[in-house]
Amino acid sequence: MDVKTLLLQQWASCLDEEDWFPPLEKVLDDITLEQAIWKPADGSMNSIWELVCHLLFFEKRFLMRFLGETENEPHAENNDSTFQLPNETLENWKETKQEYFYVHRELGKILAKSDHDDMYRQIPKEDYPLVLELKSLAMHAAYHIGQIVFLSKMQGAWPEKRSF
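Draft legend 1. Examining helix 7 (residues 130–154) more closely. Under the 1.5 Å per step criterion, the end-to-end length of helix 7 is 36 Å for 25 residues, consistent within 8% with the ideal 36 Å. Following helix 7 by one or two positions, G156 has its phi on the positive side, about 75 degrees.

Set out below in structure tokens:
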């Protein structure tokens, strides 16, 4: 299996294809606004929505950089700022999810269309080429998907029986 095929599989498993962990689109499918903003009483964890915002920040920033649209990339003072929520409305929760799904899929399309030179060319403002950045972003997504599943289970929002 070549690197591109492996990375495409890894990328898809983060959003919509079952693998060793549930894909984020299915995990978020039935999460209500209340569940999305819920945090444990001790406040030691981010909410589900904050985690999705964090994932969106880094994937959108990379997409804008890859496309050479650095003036449109999101900015944050520090890592903590990447978890910041918009106004807590149902519409904004739905928009955040849809934007994340869109950005993730766009990066997947870019990878699918990339030839060897595209996969290894230097990206503006990035330390690594597309292939290594997407590998890291996929690992980052998998880590936070685990946190989202855990938060869902803590709230009793995780169904007893799932296909994964």
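After presenting the structure, the write-up continues.
Draft legend 2. Structural context of the packing of helix 4 (residues 48–66) against helix 5 (residues 90–113). Two numbers describe how helix 4 lies on helix 5: the axes approach to 9 Å, and their chain directions differ by 40 degrees. Note on packing geometry: the crossing formed by helix 4 with helix 5 is left-handed. Between helix 4 and helix 5, the contacting residues are I48, W49, V52, C53, L55, L56, E59, K60, F62, L63 and F66 on the first element and N92, W93, T96, E99, Y100, V103, H104, E106, L107 and I110 on the second. Split into classes, the residues belonging to the contact of helix 4 with helix 5 amount to 14 nonpolar, 3 polar and 4 charged.

Draft legend 3. Broad picture of the nonpolar core. Among the nonpolar cores identified, the biggest contains 44 residues, and L28, W93, Y100 and L134 are the most heavily contacted of them. Looking at this core, the elements with two or more residues in it are helix 1 (3–15), helix 2 (24–28), helix 3 (33–37), helix 4, helix 5 and helix 7. No other element matches the 13 residues that helix 4 contributes to this core.

Draft legend 4. Spotlight on the packing of aromatic side chains. Going through the model one piece at a time under the given rule, you end up with 4 aromatic pairs. Measuring from ring centre to ring centre gives 6.4 Å for Y100 and F101, while their planes differ by 70 degrees; the resulting arrangement is edge-to-face. Accessibility assignment for this pair places Y100 and F101 in one class, buried.

Draft legend 5. Structural view of helix 1. Helix length check: helix 1, at 13 residues, gives a terminal C-alpha distance of 19 Å against a target of 18 Å (1.5 Å per residue), a fit within 8%. Residues of helix 1 that are buried in the fold lie against helix 2, helix 4, helix 5, helix 6 (116–120) and helix 7. For helix 1, the N-terminal cap is D2; the gap from its side-chain oxygen to the backbone nitrogen of K4 is 3.1 Å.

Draft legend 6. Geometry of the environment of Y100. Inspection of the secondary structure assignment puts Y100 in helix 5. By relative accessible area, Y100 is classed as buried at 0%. Sequence separation of Y100 and L55 is 45 residues, and the distance between their C-alpha atoms is 7.7 Å. Those residues in contact with Y100 that lie beyond four places of it in its chain are L15, L24, V52, L55, L56, E59 and A141.

Draft legend 7. Expanded view of the pattern of salt bridges. Applying the stated criterion across every chain, the model contains 9 salt bridges. For R105, the salt bridge goes to E25, with nearest N and O atoms at 2.8 Å. Of this pair, R105 sits in helix 5 while E25 sits in helix 2, and the two are 80 residues apart along the sequence. A relative accessible area of 27% places E25 in the partly exposed class. The salt bridge involving E73 is made with K125; its shortest N-O contact spans 3.8 Å. A residue pair is termed long-range when its members are at least 10 positions apart, and E73 in the loop between helix 4 and helix 5 and K125 in the loop between helix 6 and helix 7 qualify at 52 residues. Classification of E73 as buried rests on a relative accessible area of 5%. We classify K125 as exposed; its relative accessible area is 53%. Each of R65, E73, K125 and E126 takes part in salt bridges that share partners, so that together they form one network.

Cut-offs applied
- Residues numbered from 1 in each chain as written.
- Predicted model: local features only at pLDDT ≥ 70, side-chain atom pairs only at ≥ 80, totals over all residues.
- Heavy atoms only, no water.
- Helix = DSSP H or I, 4+ residues; strand = E, 2+ residues; numbered from the N terminus.
- Expected span 1.5 Å × (residues − 1).
- Axes fitted to C-alpha atoms, helices over the stretch in contact; angles between N-to-C directions.
- Left-handed = near helix turned anticlockwise from the far one by under 90°.
- Contact = heavy atoms within 4.5 Å.
- Nonpolar A, V, L, I, M, F, W, Y, C, P; charged D, E, K, R; others polar.
- Core = buried A, V, L, I, M, F, W, Y, C linked by side-chain atoms within 4.5 Å.
- Buried < 20%, exposed > 50% of the residue type's maximum accessible area, 1.4 Å probe, protein only.
- Phe/Tyr/Trp six-rings, centres within 6.5 Å; stacked < 30°, edge-to-face > 60°.
- Polar contact = N/O pair within 3.5 Å; in protein donor to acceptor, adjacent residues only side chain to side chain.
- Salt bridge = Lys/Arg side-chain N within 4 Å of Asp/Glu carboxyl O.

Just geometry here; none of it tells us what the structure is for.
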